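Residue strings, one per chain:
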Amino acid sequence: MGGVVDILSWICIGGGLFFSLMGGIGLLRFPDFYARCHAAGITDTLGSILILSGLMLQTGIELNLARLILILLFLLFTSPVAGHAIARAAHQHGLEAQVDGEDVTDA
Amino acid sequence: MKKTVSLTLMLFALWLLWSGIYTFMITSFGVASVILCVWLAHRMNIVDSEGHPAHLALAHITYGPWLLWQIVLANIDVSKRVLSGNINPCWVRIKAPQKTPLGRVIYANSITLTPGTTTVQLSGDELLVHTIHREVGEDLARGAMASRVSKLEGQD
């Protein structure tokens, strides 16, 4: 039983590392500021979700498990606020995005 | 009053989780700090349905896992774009159909949380979103997430 949980936990942590790496590569590869925000979003979301899930599996049922869940919850609440604040600041100061074609609308 | 009671209970539950040491003295420090926080929140007039949206907690039980799955899908999509370099960034201008400001903020936050879409501006009910690819933007404009958040908000 412990072995299965260990394997799942390592899969989660390994996956988290993989997606964090993807975020890092995207940060370097993408052409402009706004596109790089999306790359950073990978590290922020699935990167941290998977790493923290892996740690939860290592922890087992105890107080630290609840703490890890809350840390994840707070991360998921705050990281979009920070991401939005950065993108909004760039936009308001007139940083142009490299875009092709017309804006997409819902109309 | 109901909000104040539930905020107090939630803060104290949170404190109990962080602490882990339950001697009389330490716990009474916890009680004191919770009371201080609730008093401050009261003075700032933020104990309302916006500052303490406890009424949405139940609705999040279905919205949370759905959003999580969308995040997973979006992560895989953006990771593929990182490796392939297949990007075509564009701006998306859409309306947030939610009635309350809180609902619109949840919608804008959900968009930002999903990789590949970042809300840059929310004024009134107008959203300006930067997306990594036109397809992602068109998918967003179809409004699957918007109707989910409207449902979460408790309106049809």
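Residues numbered from 1 in each chain as written. Chains lettered and ligands numbered in written order. Predicted model: local features only at pLDDT ≥ 70, side-chain atom pairs only at ≥ 80, totals over all residues.

## What to know about the interface of chain B and chain A
Here comes step 1: At the junction of the two partners, chain B supplies 35 residues and chain A supplies 36 residues.
Here comes step 2: Of all the secondary structure elements, the ones that give two or more residues to the side of chain B that touches chain A are α1 (2–19), α3 (60–84), β1 (90–95), α4 (101–113), β2 (117–123) and α5 (134–141) of chain B.
Here comes step 3: Split by residue class, the side of chain B that touches chain A holds 17 nonpolar, 14 polar and four charged.
Here comes step 4: Sheet topology places strand β1 (residues 104–105) of chain A next to β1 of chain B; two bridges connect them, and they run parallel. Its bridge partner being in β1 of chain B, Val104 of chain A is matched across the sheet by Val92 of chain B. (Contact = placed C-beta atoms within 7 Å. Helix = DSSP H or I, 4+ residues; strand = E, 2+ residues; numbered from the N terminus. Nonpolar A, V, L, I, M, F, W, Y, C, P; charged D, E, K, R; others polar. Pairing = 2+ DSSP bridges.)

## Observations regarding the domain arrangement of chain B
Here comes step 1: Splitting chain B by domain gives domain 1 (2–43) and domain 2 (57–153).
Here comes step 2: The centre of domain 1 of chain B, based on its C-alpha atoms, is set 34 Å off from the matching centre of domain 2 of chain B. (Domains from an automatic or database assignment.)

## Structural notes on the packing of helix α1 (residues 2–29) of chain A against helix α2 (residues 33–59) of chain A
Residues and elements named next belong to chain A.
Here comes step 1: Where α1 meets α2, the axes come as close as 7 Å, and the angle between the chain directions of the two elements is 165°. The pairing of α1 with α2 is recorded here as roughly antiparallel in orientation. Taken as a pair, α1 and α2 cross one another with a handedness that is left-handed.
Here comes step 2: Tallied by class, residues from the contact of α1 with α2 come to 15 nonpolar, 12 polar and one charged. (Axes fitted to C-alpha atoms, helices over the stretch in contact; angles between N-to-C directions. Parallel < 35°, antiparallel > 145°, perpendicular 65-115°, else oblique. Left-handed = near helix turned anticlockwise from the far one by under 90°.)

## What about α4 of chain B?
Residue and element names in this part refer to chain B.
Here comes step 1: Compared with an ideal rise of 1.5 Å per residue, which puts 13 residues at 18 Å, α4 spans 18 Å between its outermost C-alpha atoms and is within 8% of the ideal.
Here comes step 2: Counting buried positions along α4 yields 10 of 13 residues, so the element is predominantly enclosed.
Here comes step 3: Within the span of α4, buried status applies to Gly103, Arg104, Ile106, Tyr107, Ala108, Asn109, Ser110, Ile111, Thr112 and Leu113. (Expected span 1.5 Å × (residues − 1). Buried ≥ 20, exposed ≤ 12 C-beta atoms within 10 Å, placed from the backbone.)

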